[in-house]
Amino acid sequence: MTDTRNTRTKLVHGGTRRSQYNEVSEAIFLTQGFVYDSAEAAEARFLESGPDEFIYARYGNPTVAMFEERIAALEGSEDAFATASGMAAVSGALMAMLSAGEHVVAARALFGSCLYVLEEILTRYGVEVTFVDGTDLDQWRSAIRNDTKAVFFETIANPTLEVVDIEGVAGLAHAVGAQVVVDNVFATPVFSRAIAQGADVVVYSATKHIDGQGRALGGVILGTREFIRGTIEPYMKHTGGSMSPFTAWVMLKGLETIDLRVRAQAASALALTDALQGHAKLKRVIYPGHSSHAQHELVARQMGKGGTVLSLDLAGGKAAAFRFLNALEIVLISNNLGDAKSIATHPATTTHQRLPDDQKSDLGITPGLIRLSAGIEDTDDLVDDVLQALAAA
Ligand SMILES: *Cc1c(COP(=O)(O)O)cnc(C)c1O
């Protein structure tokens, strides 16, 4: 597949490896290992294996390789390594690149498990971590030191949907030779241009938009060939967080439709935001792709569209938020996002329950806040459902 093809073509055909049967749909190679023609061939492959020469599924597998090549083509990165979950990707990328005594600067508004990796795990291994307000370039400027090895942030923070300026932070990080690692879940691989904008490493939870149908956990680390094969592959293959071939097949099929799904979801998220402007029961509606978002210009420049998630802050606090959730008929109460099914979450009592109250209010996680992940249902039906549930709230 040549690189000159457009995205949607690459998403259907990129990375395909056909067996001797010339199957149309990608095969699932559910095999842990591979047979060698001779002892000499085994010796040669262990000495040096080519891109389509496999040894053991923890190191690589044909179905997993198809997924890696397809997602790398979408992101515009040289290479990719598929992992067992999004957290295996986040922790693997950071653990593989950092050593004791090194310094990392990270945005404070992070997915709970990302915060745990930085605050509780890396520090136990002697990595120093400084947290900043990710939206404030001055804070990044003063926290990044000559010996900073990496910066880490979510390009759009969960659940308050604040946006970090990738080019701005990358400029500061690269000036001291630090690596820029971004968790890009909320931006989605469809709207991301993170590599072109200066990210050195991009990680995704494939559980979200890449599967997009709520079936499997997975993740992926994207970067230069040198970083993926030289730093990530040895770390992942020896620590065991590789993606299973069955999951890779689910994710490959997800990539075929991701562009169609995510664009439809983003259009519904924008339509919902429009329909909710000035609603009497809402203190605010947050959607990065809407002109009312404080960083709308940055969003337009950085990703064009605002992603698939919006947040609503109900004036009536927790009681009103719960009445709203319980009145929804189409939108499900759950905690995934990026799914074909629309999903609503009350972060203060679920995903962010463990945070102390002062940290919740610092991060804007108010008692009335609802995170709404737009699915691919009919837009008018979604708007009707949210409006009738607000009326009941
Ligand atoms: C879901 C998520 C993760 C973790 O992904 P898993 O696949 O659940 O391990 C990491 N970062 C962000 C921003 C997420 O939304």
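Residues numbered from 1 in each chain as written. Predicted model: local features only at pLDDT ≥ 70, side-chain atom pairs only at ≥ 80, totals over all residues. Heavy atoms only, no water.

As annotated in an unreviewed UniProt entry, the chain carries the name O-succinylhomoserine sulfhydrylase and is attributed to Roseovarius aestuarii. Checking UniProt for the chain, the heading Subunit (unreviewed entry) contains the comment "Homotetramer." The record in UniProt for the chain states the following under Sequence similarities (unreviewed entry): "Belongs to the trans-sulfuration enzymes family. MetZ subfamily." (UniProt positions renumbered as here; feature names shortened; annotations may be inferred.)

Here the focus is the sheet that holds strand β6 (residues 201-205). A sheet is described by the order of its strands in space; here seven strands give the open sequence β1-β7-β6-β5-β4-β2-β3, paired in mixed fashion. Every other strand in the sheet has two partners, leaving β1 (79-83) and β3 (128-132) as the edge strands with one partner each. Ignoring which end each strand starts from, the neighbouring axes of this sheet average 20° apart. Where strand β4 (residues 148-154) meets strand β5 (residues 179-183), five bridges bridge the pair, whose relative direction is parallel. Bridge pairing in β5 links Val-151 to Val-180. Running at roughly 170° to β4, helix α7 (residues 166-175) makes contact with β4 and β5 of the sheet. (Pairing = 2+ DSSP bridges. Helix = DSSP H or I, 4+ residues; strand = E, 2+ residues; numbered from the N terminus. Axes fitted to C-alpha atoms, helices over the stretch in contact; angles between N-to-C directions. Contact = heavy atoms within 4.5 Å.)

On to the pairing of β5, then. Along a regular strand, successive side chains alternate from one face of the sheet to the other. Burial analysis of β5 places four of its five residues in the buried class, which makes it a mostly covered element. With respect to chirality, the unit in which β4 leads through α7 into the neighbouring parallel β5 is right-handed. Two elements, β5 and β6, share three bridges in a ladder whose sense is parallel. Across the sheet, residue Val-181 finds its bridge partner in β6, namely Val-201. (Buried < 20%, exposed > 50% of the residue type's maximum accessible area, 1.4 Å probe, protein only. Right-handed = clockwise from strand over helix to strand, strands pointing away.)

For the rest of this paragraph, the subject is helix α12 (residues 317-327). Among all positions of α12, only Gly-317, Ala-320, Ala-321, Phe-324, Leu-325 and Ala-327 are buried. The inward-facing, buried residues of α12 contact β9 (309-314), β10 (332-333), β11 (343-345), β12 (369-373) and α14 (379-392).

The next thing to look at is the UniProt feature "modified residue: N6-(pyridoxal phosphate)lysine" (unreviewed entry) in the chain. The sites that UniProt annotates as "modified residue: N6-(pyridoxal phosphate)lysine" (unreviewed entry) are Lys-208. Residue position: Lys-208 is located in the loop between β6 and β7 (219-223). Apart from residues no more than four positions distant in its own chain, Lys-208 is found in contact with Val-185, Asn-336, Leu-337 and Gly-338.

A few words on the environment of Ala-173. Mapping Ala-173 onto the fold places it in helix α7. Taking the C-alpha atoms as reference points, Ala-173 and Arg-141, 32 residues apart in sequence, are found 8.6 Å from one another. Dropping the residues within four chain positions of it, Ala-173 is found in contact with Ile-144, Val-151, Ala-178 and Val-180.

The subject of this paragraph is the packing of aromatic side chains. Scanning the entire structure with this criterion turns up five aromatic pairs. With a centroid separation of 5.5 Å and an interplanar angle of 35°, the aromatic rings of Phe-34 and Phe-54 are classed as tilted. Of this pair, Phe-34 sits in the loop between α1 (7-13) and α2 (39-47) while Phe-54 sits in the loop between α2 and α3 (62-75), placing them 20 residues apart in sequence. For the ring pair Tyr-56 and Tyr-59, a centre distance of 6.1 Å and an interplane angle of 80° mean the geometry is edge-to-face. Just above the ring of Phe-111 sits the side chain of Lys-208; from NZ or CZ to the centre is 5.2 Å. The ring centre of Tyr-59 lies 4.5 Å from the NZ or CZ of Lys-237, which sits over that ring. (Phe/Tyr/Trp six-rings, centres within 6.5 Å; stacked < 30°, edge-to-face > 60°. Lys NZ or Arg CZ within 6 Å of the ring centre and 35° of its normal.)

Right, let's talk about the side chain of Arg-371 for a bit. Looking at the element boundaries, Arg-371 is found in strand β12. For Arg-371, the side chain forms a polar contact with the side chain of Asn-158, separated by 2.9 Å. (Polar contact = N/O pair within 3.5 Å; in protein donor to acceptor, adjacent residues only side chain to side chain.)

A few words now on the environment of Leu-30. Within the element layout of this structure, Leu-30 appears in the loop between α1 and α2. Overall, Leu-30 belongs to the exposed group, its relative accessible area being 63%. Leaving out residues up to four positions away in the same chain, Leu-30 has contacts with Pro-245 and Phe-246.

Okay, the site of the ligand next. In the vicinity of the ligand, 14 residues are found, and the nearest of them are Gly-86, Asp-183, Ser-205, Thr-207 and Lys-208. At 2.8 Å from an oxygen atom of the ligand is found a main-chain nitrogen or oxygen belonging to Gly-86. Taking Thr-207, its side chain carries an N or O atom lying 2.6 Å from an oxygen atom of the ligand. When the ligand is considered free in solution it has 380 Å² of accessible area, and contact with the protein chains removes 91% of it. A per-class count over the shell around the ligand returns six nonpolar, five polar and three charged. (Near = heavy atom within 4 Å. Areas by Shrake-Rupley, 256 points an atom, 1.4 Å probe, with all protein chains shown as cover. Nonpolar A, V, L, I, M, F, W, Y, C, P; charged D, E, K, R; others polar.)

Counting 85 residues, the largest nonpolar core has Phe-67, Trp-140, Phe-153, Ile-210 and Phe-324 as the members making the most contacts within it. Take this core: its biggest share by element is eleven residues, from helix α10 (residues 245-276). Two domains each put at least three residues into this core: domain 1 (7-254) and domain 2 (259-392). What Phe-153 contacts, discounting residues up to four positions off in sequence, is Ala-107, Leu-110, Trp-140, Val-164, Ile-166, Val-169, Val-180, Val-181, Val-182 and Asp-183. One finds Phe-81, Leu-94, Val-203 and Met-236 within the second-largest nonpolar core, a separate group that totals 27 residues. (Core = buried A, V, L, I, M, F, W, Y, C linked by side-chain atoms within 4.5 Å. Domains from an automatic or database assignment.)

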